[in-house]
Amino acid sequence: TAIPGRSATFSVVTNDPSRTSYQWQLSVGGGAFTDIGGATSQTYTTPTLTVADNGNQYRAHITSTGNGSMADSNAATLTVYNLTGPTAPKILDRFDNLADVDNQGSAPTTVQTLSGDYSFAGTAGSGYLILTTAENSKFGTLVVDDVDGGTAVGGFTASFKAQLVGANPADGFSFSWGTGIGQTQVYGGLEAGLGNDLRVSFITYAGSGRSIRVNFRGAALANVAVPIELLQAPVDTFKEVLIRVTPATASTSATLDVAYDGTLVIQNLALPGLQGIAGGRFAIAARTGGANELHAYDDLAISTSLYVGPITLVNQPPAALTIVNDTSVTLSVESSNPPVSSYQWQRSAPGGGAFVDIPTATSATYTTPNLPLGDSGVRYQVVVTGSTNVVTSNPTTVTVVSPGLPASFERIIDFNDGLVPADAQVFGSAVVTGNAGVDDTGMLQLTTAVNGLQGAMALADQDAGAPVTGFVTKFLVRIGNGTDPPADGASFVWSPELITGGFGEGGTGTGLIISFDIYDNDDGNPNNAAGEAPAIEALWKGETLGNVRVPRALLESGSAFREIIVRVNPDGTLDVIFGTQVIYWHTPLPGFAPIANGNFGWGGRTGGLNAEQDIDSIQLTTFTANQPTLVLATVGNNIVITFDGVLESSGNLTNWTPMPAQTSPLTLPISGLSGHTFYRARK
């Protein structure tokens, strides 16, 4: 198999080479074999091939000069696979000005961004781009923005020339296409590719296995071992790379072809589920590590094919959300082809019923009004209309809850005096500053945006050793202003052990840990909704209660602070609210028991990447064993209230009235109840 513009080479071996003469012969279209003029060597190389040569057959007619005997070799069938570079590219970068990208294609205003240790070489009018020189720990990227104005792309053809030079090379480079590719990058495993969709990797490090690999939407589709001689080139010599995605049709999947220096390495590889990608970017990214090589490129050409099929929903709103009362929720949907899509959001009232159009809610994103408790159970969906079809999202059910915070907290720490509280200790990189917090007042800074830091603050037991049956705390957190992607995260802990040092997003102790993890250890990409982060995870006694994926923008807030509420209820359940989003609500803590002499702590960590991580406005109330308890449960057709102290009820959380019956447990028939009733126990 060969590609147009290249040649094919055939050879034979006989049992008596010193007395053998050769005559190569050709059959076209299944016809008779005829001699090829001048083709009288053991090896025959064709002229430059075109698609018209597809199906040709070649054989060698052998004659013995010793005894005149003759034989014909097996016939070899030539396949000329029609893979060529773009003929009318939208991107055509020659790099001849030795200063920047110089797009001569049909989309000259497309944004292209270089980052890292890139440079240019050659001469004016004949330049090329260097992403890494042959030095350790270098990287470079070229990212090409969407060339089609948001219209979905079904496929593309790209060609470029690559020069890889290094005696003991590492690590390689990648070509990527799709969403989730940032315009600029940082040092990391760039040879593995970027973004959420297609990654083609060219690995030159022997320890990783020299190969050409394909990863599509998180799935490894191909790993073809290749000799280093194929990937590398002599100094000042470039090898052509061809990459093509053929769009899907009604009956076939999209497919991928990859050729390197005329060798067809990947042929007709199916890309399952690929229809159109809207807003996708292209990227070439290279890296060196403990070993190195030159990564140089020239003549980058890219053409795209627009998607013409029906729309699908790439991303949908979640099936369920829980929010705090009197706040709103923002829902969004992503069509596979936004420029041809229109939207209509619909609402179904609590208790069911038909969905009804919401006037003016006609964009891909919809923000509800502030929802009261009475709207708990409301459902939303969106109808998306494309040029050839209509699709409806799955409905989202919104549960509305009241956080029920104390009217006042027992302990308030605002750090405005710039001092560490008297009953607290700071460890590692943690410091209390007199400014940079809310309204430029004091705050606790766990880490600055510097690699390799770890800081924490521990707050001593405030209940003189009494068993604590629960607590509620509210504090502000700010994470951001660091690298892209950021690392690594922060945590809040309630520890039965004494906290004696710094800790990070993994927390410390054998009690409660709430982890705010901002680095995705799976692929380093915090934007692709894959992997284990960004996420909020709760652990109790070393066991996870669930890892809840959240949008990057929720945790990484830049210069803004986010409010966090953490509550352990005396009935052994956990509530965590981040901003207005309820992460955990009445989640059981297995084997819950009160903690005596416990510490509360806040910690943060950075690693090879970083973020600033700050805490402000801590408010805390603990519940001790001598406080009243209150448990409500449904038993059959009754509500059973178990309590101690005085049982009170209210319809609005403000006007509390003692219940006429003060014997625990109190049984109330559900059939006699209506509306909302709140209960509390008081001592």
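Here the structure is shown first, and the text comes after it.
The rules behind the values
- Per chain, residues are indexed from 1 in the order of the written sequence.
- Local features in this predicted model are restricted to residues of pLDDT 70 or higher, and side-chain atom pairs are both shown and tallied only at a pLDDT of 80 or more, whereas totals for entire chains, interfaces and linings draw on every residue.
- No hydrogens and no water enter the side-chain calculation; it runs on all heavy atoms of the structure.
- In this description a helix means any DSSP run of H or I spanning at least four residues, a strand means any run of E spanning at least two, and both kinds are numbered starting from the N terminus.
- Restricting the calculation to C-alpha atoms gives the radius of gyration, and the globule rule supplies 2.2 Å times the number of residues raised to the power 0.38.
- Burial here depends on accessible area, computed with a 1.4 Å probe over protein chains only, as a share of the maximum for the residue type. Under 20% is buried, over 50% is exposed, and the range in between is partly exposed.
- For the purpose of counting charges, residues Lys and Arg are taken to be positive, whereas Asp and Glu are taken to be negative. His and the chain ends are not included.
- By convention, charge coordinates are those of NZ in Lys, CZ in Arg, CG in Asp, or CD in Glu.
- At least two DSSP bridges between two strands are required for those strands to pair.
- Every angle, taken between N-to-C directions, lies between 0 and 180 degrees, and every axis is a line fitted to C-alpha atoms, over only the stretch in contact when it is a helix.
- Should a side-chain nitrogen of Lys or Arg be within 4 Å of a carboxyl oxygen of Asp or Glu, the pair is scored as a salt bridge.
- Nonpolar cores are built from buried Ala, Val, Leu, Ile, Met, Phe, Trp, Tyr and Cys residues. Side-chain atoms within 4.5 Å join them into one set.
- Paired rings are identified among Phe, Tyr and Trp, the last through its six-membered ring, by centres lying within 6.5 Å, and are further divided according to the angle between planes into stacked (under 30 degrees), edge-to-face (over 60) and tilted (the rest).
- Only when the NZ of Lys or the CZ of Arg is both within 6 Å of the ring centre and within 35 degrees of the ring normal is a charge said to sit over the ring.
- In what follows, residue pairs with any heavy atoms lying within 4.5 Å of each other are defined as contacts.
- Counted as a polar contact is a pair of N or O atoms within 3.5 Å, where, for protein atoms, one must be capable of donating a hydrogen and the other of accepting one, and residues adjacent in sequence contribute only when both atoms are in side chains.

Participant: Would you mind going over the overall build of the protein with me for this structure?
Facilitator: On a plain count of helices and strands, the protein comes out with two helices and 53 strands. For 683 residues, the compact-globule estimate of 2.2 N^0.38 gives 26 Å, and the protein exceeds it by more than 25% at 33 Å. Put simply, the protein has 683 residues, and 50% of those count as buried. Where the 29 positive side-chain charges of the protein centre and where its 56 negative ones centre are 4 Å apart.

Participant: Got a minute to help me understand the sheet that holds strand E48 (residues 630-635) in this structure?
Facilitator: Paired through backbone hydrogen bonds, the strands of a sheet run either parallel or antiparallel to each other. Strand order across the open sheet formed by three strands is E48-E49-E52, with antiparallel pairing between neighbours. Looking at the sheet topology across the chains shown, the edges are occupied by E48 and strand E52 (666-669). Shown here is a sheet whose adjacent strand axes are inclined to one another by a mean of 20 degrees, direction ignored. Pairing of strand E49 (residues 638-643) with E52 involves four bridges; the strand directions are antiparallel. Looking across to E52, one finds that asparagine 638 is bridged to proline 669.

Participant: Can you walk me through unusual backbone geometry in this structure?
Facilitator: Most peptide bonds are trans, and most residues other than glycine sit at a negative phi. Cis geometry marks the peptide bond from alanine 170 to aspartate 171, where omega comes out at 0 degrees. Turning to its location among the elements, aspartate 171 is positioned in the loop between strand E13 (153-165) and strand E14 (172-178). Of the consecutive residues alanine 533 and proline 534, the connecting peptide bond is found in the cis state with omega at 0 degrees. Phi at asparagine 268 is positive, roughly 55 degrees, even though this residue is not glycine. The residue asparagine 268 is located in strand E20 (residues 263-271) in this model. Its relative accessible area of 47% is what places asparagine 268 among the partly exposed residues.

Participant: Whenever I open this one, the sheet that holds strand E53 (residues 678-682) confuses me. Can you help?
Facilitator: The three strands lie next to each other as E51-E50-E53, forming an open sheet whose pairing is antiparallel. Strand pairing shows two members of the sheet lacking a second neighbour, strand E51 (657-658) and E53, which therefore form its edges.

Participant: Any chance you could explain the pattern of salt bridges here in plain terms?
Facilitator: On inspection of all chains with the given rule, the structure shows 25 salt bridges. Here aspartate 16 and arginine 19 are joined by a salt bridge, their closest N and O atoms 2.9 Å apart. Residue classification places aspartate 16 among the partly exposed residues on the basis of a relative accessible area of 23%. Between lysine 474 and glutamate 563 there is a salt bridge, with its nearest N and O atoms 3.9 Å apart. Here the residue lysine 474 occupies a position in strand E38 (residues 468-480), and glutamate 563 occupies one in strand E43 (residues 562-569), the gap between them amounting to 89 residues. Taken together, the shared-partner salt bridges in this structure form one network comprising Arg6, Lys239, Glu240 and Asp261.

Participant: Is there a simple way to think about the nonpolar core in this case?
Facilitator: General note: in soluble globular proteins, nonpolar side chains tend to be found buried as a group. In terms of nonpolar packing, the biggest core is built from 48 residues, with Phe160, Phe173, Leu198, Phe202, Leu256 and Tyr260 touching the most fellow members. In terms of residue count, E13 provides more of this core than any other element does, six residues in total. Of all hydrophobic cores here, the second largest spans 42 residues; its members include Ile413, Leu444, Leu589 and Ile595.

Participant: Sorry, what's going on with the packing of aromatic side chains here?
Facilitator: What describes a pair of aromatic rings is the distance from one ring centre to the other and the angle between the planes of the rings. Tallying each qualifying case throughout the model produces 32 aromatic pairs. Geometrically, the ring pair formed by phenylalanine 10 and tyrosine 58 is stacked, given 4.9 Å between the ring centres and 25 degrees between the ring planes. Here phenylalanine 10 is found in strand E1 (residues 9-11), whereas its partner tyrosine 58 is found in strand E5 (residues 57-64), with 48 residues between them in sequence. Tyrosine 58 matches phenylalanine 10 in its accessibility class, with the two residues each being buried. Between tryptophan 494 and phenylalanine 600, the ring centres sit 6.1 Å apart and the planes meet at 5 degrees, which makes this aromatic pair stacked. Of this pair, tryptophan 494 sits in strand E39 (residues 489-495) while phenylalanine 600 is found in strand E46 (residues 599-605), placing the two residues 106 residues apart along the sequence. The exposure classification of tryptophan 494 matches that of phenylalanine 600, with both residues buried. Through a chain of ring-to-ring contacts, the aromatic side chains of Phe156, Phe160, Phe173, Phe175, Trp177, Phe202, Tyr260, Phe282 and Tyr297 assemble into a single cluster. A cation sits over an aromatic face here: arginine 59 above phenylalanine 33, 4.2 Å from the ring centre.

Participant: Which parts of the structure should I look at to understand the pairing of E14?
Facilitator: Burial of E14 is extensive: seven of the seven residues sit out of reach of the surface. Here E14 shows a buried face lined by Gly172, Ser174, Ser176 and Gly178 and a second buried face lined by Phe173, Phe175 and Trp177. Where E14 and strand E15 (residues 198-203) come together, six bridges link them in antiparallel fashion. Residue pairing in the sheet places serine 176 in a bridge with arginine 199 of E15.

Participant: Help me understand the environment of glycine 511, please; the structure alone is not making it clear to me.
Facilitator: With respect to the element layout, glycine 511 can be found in the loop between E39 and strand E40 (512-517). Distance in space between the C-alpha atoms of glycine 511 and glutamate 497 is 8.2 Å, their sequence separation being 14 residues. Other than its neighbours up to four places away in sequence, glycine 511 contacts Trp494, Pro496, Leu539, Trp540 and Lys541.

Participant: I tried to follow the side chain of threonine 606 on my own but got confused; where do I start?
Facilitator: Relative to the assigned elements, threonine 606 resides in the loop between E46 and strand E47 (612-624). Judged by its relative accessible area of 2%, threonine 606 is buried. One polar contact links the side chain of threonine 606 to the main-chain amide nitrogen of glycine 452, over a distance of 3.1 Å. A polar contact is formed between the side chain of threonine 606 and the backbone nitrogen of leucine 453, at a distance of 2.8 Å. Discounting chain neighbours no more than four positions away, the residues touching threonine 606 are Thr447, Thr448, Val450, Asn451, Gly452, Leu453, Ala487, Asp488, Ala611 and Gln613.

Participant: What exactly am I supposed to notice about the environment of arginine 347 here?
Facilitator: Following the sequence through the fold, arginine 347 ends up in strand E27 (residues 342-348). For arginine 347, a relative accessible area of 28% translates into the label partly exposed. Residues arginine 347 and aspartate 298, 49 residues apart in the sequence, show an inter-C-alpha distance of 54 Å. Look past the residues within four positions of arginine 347 in its chain and what remains in contact with it is Ala354, Phe355, Val356, Ile358, Asp375, Val378, Arg379 and Tyr380. For arginine 347, the side chain forms a polar contact with the side chain of aspartate 375, separated by 3.2 Å.

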